[in-house]
Amino acid sequence: MTTALKLTDLSKTFPVGKRLFGPAKGMVRAVQPLSLSVEEGETLGIVGESGCGKSTLARMLVGLLPPSTGTIEINGAPLDAADPALFGRKIQYVFQDPISSLNPRKTIRQIMEAPLKHLHGMSAAERDARIREIFAAVNLREEFLDRYPHEFSGGQAQRIGIARALAADARILILDEPVSALDVSVQAQVLNLLADLKQKFGLTYLFISHDLAVVEAVSDRVAVLYFGAVVEVGPAEQIFAQPKHPYTKLLADSAPVVGRALVAPEGRETELPDPLNPPPGCAFSARCPYASAECRQAPPPLEQQSDGVWAACYHPLSETA
Ligand SMILES: Nc1ncnc2c1ncn2[C@@H]1O[C@H](COP(=O)(O)OP(=O)(O)OP(=O)(O)O)[C@@H](O)[C@H]1O
Ligand code: SF4
Ligand SMILES: [Mg+2]
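All residue numbers here refer to positions counted from 1 along the written sequence of the relevant chain. Think of it this way: whatever chain is written first is A, whatever ligand is written first is 1, and the rest follow in order. The predicted nature of this model means local features are confined to residues of pLDDT at least 70 and side-chain atom pairs, given and counted, to a pLDDT of 80 or more, with totals for whole chains, interfaces and linings taken over all residues. Side-chain numbers here rest on the full set of heavy atoms in the structure, without hydrogens or water.

(A) Quick peek at the state of the cysteines. Any two cysteine sulfur atoms lying within 2.5 Å of each other are counted as a disulfide. The final tally for this structure, using the stated rule, is zero disulfides. Free cysteine Cys52: the closest other cysteine sulfur is in Cys282, separated by 14 Å. Judged by relative accessible area, which is 13%, Cys282 ranks as buried. Between buried and exposed lies partly exposed: a residue is buried under 20% and exposed over 50% of the maximum accessible area for its type, with that area taken using a 1.4 Å probe on protein chains only.

Now the structure itself:
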């Protein structure tokens, strides 16, 4: 197998409360140093609650946000944050909100042509042929090309968003909540389309969602994020059935239902820790029923638990837990 995407110690820290003159009030570490690999043709799901760093990670991967530390490699070659066109040719982003992610003043043809012109320098005839090919692949009629984004339904607009990402000829797509804004019936159509396109174009997906059931259904492997860090990663069919990390178990126990958002149970200590004042040890310790004194001292490292399963926990759960 070939590694399509390799992240090494990738992190992002934002200054917050910055005044016009003077220093920022504090720093928020949205993504902790994170290392992950995605194999060619694989779908890696990323799940986590709101604010755990999913979009920050996605934005770094497509060159929209410079990482604070770490490297991104595609097929063994590092991406240079100073060369956005290189990102564009290799890796593309599909946004959550399809309509507002398309420029309202441009026709769909103009939107589709931009990457072909800027990233590939194609002639008008080549662009036309490529756009027709991709529009057919995403089951959209060619007459739509001369319309504007507001003239489409959410499902159609997301097909256009996917078509735009494919036009750049990138083989890796970062799908950031690609179906969360759509009705459940339309979600299924878009998910089926994504599966077909993956086969047809030999794509690799990073599929981000807070919807556990969707992630479990579409992914080969799943990485669970908590407070900007990977707490568990493993095969999709195993990770929620036999969780090793207490946080993964908490998610799994909230009985996934397609289309239902990932929400922590009500009660005290259900919030993520304060990003301006993170705890010294495990970020999950305030919510964890298994927390010990050791857990509150230093963050647990991500360690292999069994074949292909990694978890960051001092007291990983056994299969009978
Ligand atoms: N530009 C920014 N400046 C300061 N803090 C930021 C910035 N962007 C994100 N953050 C913070 O980083 C953390 C992660 O945010 P991010 O948007 O990546 O989360 P998310 O997992 O995508 O959440 P959601 O599911 O709500 O989309 C949050 O604490 C957020 O407030
Ligand atoms: S390290 Fe400790 S507090 Fe953190 S999840 Fe594991 S048992 Fe719970
Ligand atoms: Mg997000």
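(B) Layout of the site of ligand 1. The immediate surroundings of ligand 1 are formed by Phe14, Val16, Ala30, Glu49, Ser50, Gly51, Cys52, Gly53, Lys54, Ser55 and Thr56. One of the backbone nitrogen or oxygen atoms of Gly51 is found 2.8 Å away from an oxygen atom of ligand 1. Within the complex, 61% of the 630 Å² of free accessible area of ligand 1 lies under protein. If you list the elements that add at least two residues to the shell around ligand 1, you get strand E1 (3-16) and helix H1 (54-61). Helix and strand assignments follow DSSP, with helices taken as H or I runs no shorter than four residues and strands as E runs no shorter than two, numbered in order from the N terminus. When residues in the shell around ligand 1 are grouped by element, the largest group, three residues, is from H1. The near set for a molecule or strand comprises every residue that places at least one heavy atom within 4 Å of it. For the purposes of these results, a polar contact is taken to be a pair of N or O atoms within 3.5 Å, where, inside protein, one atom must be able to donate a hydrogen and its partner to accept one; residues adjacent in sequence count only when each atom of the pair is a side-chain atom. Each accessible area is a Shrake-Rupley result for a 1.4 Å probe, and residues are judged covered by the shown protein chains and nothing else.

(C) Up close: the sheet that holds strand E3 (residues 43-47). Two strands make a pair as long as DSSP finds a minimum of two bridges between them. The eight strands lie next to each other as E6-E7-E8-E3-E9-E10-E12-E11, forming an open sheet whose pairing is mixed. One side of each edge strand has no neighbouring strand; the edge strands of this open sheet are strand E6 (91-94) and strand E11 (303-306). Going across the sheet, the axis of each strand differs from the next one's by a mean of 20°, ignoring polarity. As judged from the four bridges shared by E3 and strand E9 (residues 221-226), these two strands associate in the parallel manner. Following the sheet pairing, Ile46 is matched in E9 by Ala223. Along the sheet, helix H5 (residues 154-167) makes contact with E6 and strand E7 (172-176), crossing E6 at roughly 170°. Simply put, an axis is a line fit to the C-alpha atoms, just over the touching stretch for a helix, and the angle between two N-to-C directions goes from 0 to 180 degrees. Every residue pair with non-hydrogen atoms within 4.5 Å of one another is taken to be in contact.

(D) Highlighting helix H9 (residues 246-253). Here H9 has its buried residues at Pro246, Tyr247, Thr248, Leu251 and Ala252. Buried residues in H9 make contact with helix H7 (212-218), E9, strand E10 (229-235) and helix H8 (236-239).

(E) Focus on the site of ligand 2. Taken together, 13 residues lie near ligand 2, and Cys282, Cys288, Cys295, Cys313 and Tyr314 sit nearest. Three classes are used, and their members are as follows: Ala, Val, Leu, Ile, Met, Phe, Trp, Tyr, Cys and Pro are nonpolar, Asp, Glu, Lys and Arg are charged, and the others, Gly among them, are polar. Split into classes, the residues belonging to the shell around ligand 2 amount to 10 nonpolar, three polar and no charged.

(F) Highlighting the packing of helix H3 (residues 108-120) against helix H4 (residues 124-137). One way to put it is that H3 packs onto H4 with a least axis distance of 10 Å and a crossing angle of 115°. Taken as a pair, H3 and H4 cross one another with a handedness that is right-handed. Mapping the contact onto sequence places Ile108, Arg109, Met112, Glu113, Leu116 and Lys117 in H3 and Arg127, Asp128, Arg130, Ile131, Ile134 and Phe135 in H4. Split into classes, the residues belonging to the contact of H3 with H4 amount to six nonpolar, no polar and six charged. By convention, the crossing between two helices is left-handed when the near helix turns anticlockwise from the far helix through less than a right angle, and right-handed when the turn is clockwise.

(G) The nonpolar core, seen in detail. Note on terminology: a nonpolar core comprises buried Ala, Val, Leu, Ile, Met, Phe, Trp, Tyr and Cys residues joined through side-chain atoms within 4.5 Å. Within the largest apolar cluster, 53 residues are counted, with the highest numbers of intra-cluster contacts made by Met112, Phe135, Ile162, Leu166, Leu197 and Val224. When residues in this core are grouped by element, the largest group, seven residues, is from H5. Beyond its immediate chain neighbours, meaning those up to four positions away, Ile162 contacts Val94, Val138, Val190, Leu193, Leu194 and Leu197. Listed in part, the 31 residues of the second largest apolar core include Ala4, Met60, Phe87 and Val230.

None of this, on its own, says anything about what the molecule does.
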